[in-house]
Amino acid sequence: MFQGASAINLDAKGRMSIPAKHRDALMQQCEGRMTLTKHPHGCLLFFPRPVWEEHREQIAAWPMSARAWQRIFLGNACDVEMDGAGRVLISPELRNAVGLEKEVMMLGMGTHFEIWDAAKLAENEAQAVAGGMPDVLSNFSF
């Protein structure tokens, strides 16, 4: 299970260093082979390849009425591999699609990660807090 937030700076080539706490797990789980794709909320989804392959099969089976959503997830999917320095290259197309520049946040979401522009994530979180808890969470407590 991947969890936690990591602040990362993309290098000039658009490479992102995978935090050390996740590198070993990703090497064991998928031999450093991952898949990135766009999410309509304005972030990238970052999957270990075996997890992505399960999702890909489900998405490919969606009915024709969901074709636009298939394009978002499948049409933007990009396979990547971790290099010897523990970095992955995020394509210019994906960086531009979600506004990634230099400062990014990598959030562990259980089976995968979300990659956000740091300022956009902070803005989204502030809006969520200002909007209050959704009714579905009314019985949730720590």
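Residues numbered from 1 in each chain as written. Predicted model: local features only at pLDDT ≥ 70, side-chain atom pairs only at ≥ 80, totals over all residues. Heavy atoms only, no water.

Here we come to the overall build of the protein chain. Summing up its helical and strand segments, the protein chain has five helices and eight strands in all. Each helix (α) and strand (β) of the protein chain, taken in turn from the N terminus, gives the series β-β-α-β-β-α-α-β-β-α-β-β-α. Against the globule reference of 14 Å for 142 residues, the protein chain gives a C-alpha radius of gyration of 16 Å, in line with a compact fold. Seen along its three principal axes, the alpha-carbon backbone of the protein chain occupies a region of about 45 × 35 × 30 Å. Here the protein chain, with 142 residues, has 39% of them falling under the buried criterion. Taken as a whole, the protein chain presents about 8,500 Å² of accessible surface, with 53% of it coming from carbon and sulfur. The protein chain carries 14 positive and 17 negative side-chain charges, and their two centres are separated by 6 Å. (Helix = DSSP H or I, 4+ residues; strand = E, 2+ residues; numbered from the N terminus. Rg over C-alpha atoms; globule rule 2.2 N^0.38 Å. Buried < 20%, exposed > 50% of the residue type's maximum accessible area, 1.4 Å probe, protein only. Areas by Shrake-Rupley, 256 points an atom, 1.4 Å probe, with all protein chains shown as cover. Lys, Arg positive; Asp, Glu negative; His and termini not counted. Charge placed at Lys NZ, Arg CZ, Asp CG, Glu CD.)

Right, let's talk about the UniProt feature "domain: SpoVT-AbrB" (unreviewed entry) in the protein chain for a bit. Feature annotation in UniProt assigns "domain: SpoVT-AbrB" (unreviewed entry) to the following positions: residues 5-51 and 77-120. Measuring from the first to the last C-alpha atom of residues 5-51 gives 20 Å, for a span that is 30% helix and 45% strand. Helix makes up 23% of residues 77-120 and strand 45%, whereas the separation of the span's terminal C-alpha atoms amounts to 21 Å. (UniProt positions renumbered as here; feature names shortened; annotations may be inferred.)

Under the definition given, this model contains six aromatic pairs. Here Trp62 and Phe73 contribute two aromatic rings whose centre-to-centre distance is 6.1 Å and whose plane-to-plane angle is 80 degrees, an arrangement assigned as edge-to-face. Of this pair, Trp62 sits in the loop between α2 (49-60) and α3 (67-73) while Phe73 sits in helix α3; the two residues are 11 residues apart in sequence, bridging distant segments of the chain. Owing to a relative accessible area of 12%, Phe73 belongs among the buried residues under this scheme. Pairwise contacts between aromatic rings join Phe2, Phe46 and Phe113 into one cluster. (Phe/Tyr/Trp six-rings, centres within 6.5 Å; stacked < 30°, edge-to-face > 60°.)

With that out of the way, let us pick up the nonpolar core. Where a protein is soluble and globular, its nonpolar side chains tend to be buried together. One finds Met16, Phe46 and Ile115 to be the most contacted residues of the largest nonpolar core, which totals 22 residues. Mapped onto this core, the elements with two or more residues apiece are β1 (2-9), α1 (20-30), β3 (33-39), β4 (43-48), α4 (92-98), β7 (103-110) and β8 (113-117). Contact partners of Met16, with chain neighbours within four places excluded, come to Ile8, Leu10, Phe46, Gly86, Arg87, Val88, Ile90, Val104, Met106 and Ile115. (Core = buried A, V, L, I, M, F, W, Y, C linked by side-chain atoms within 4.5 Å. Contact = heavy atoms within 4.5 Å.)

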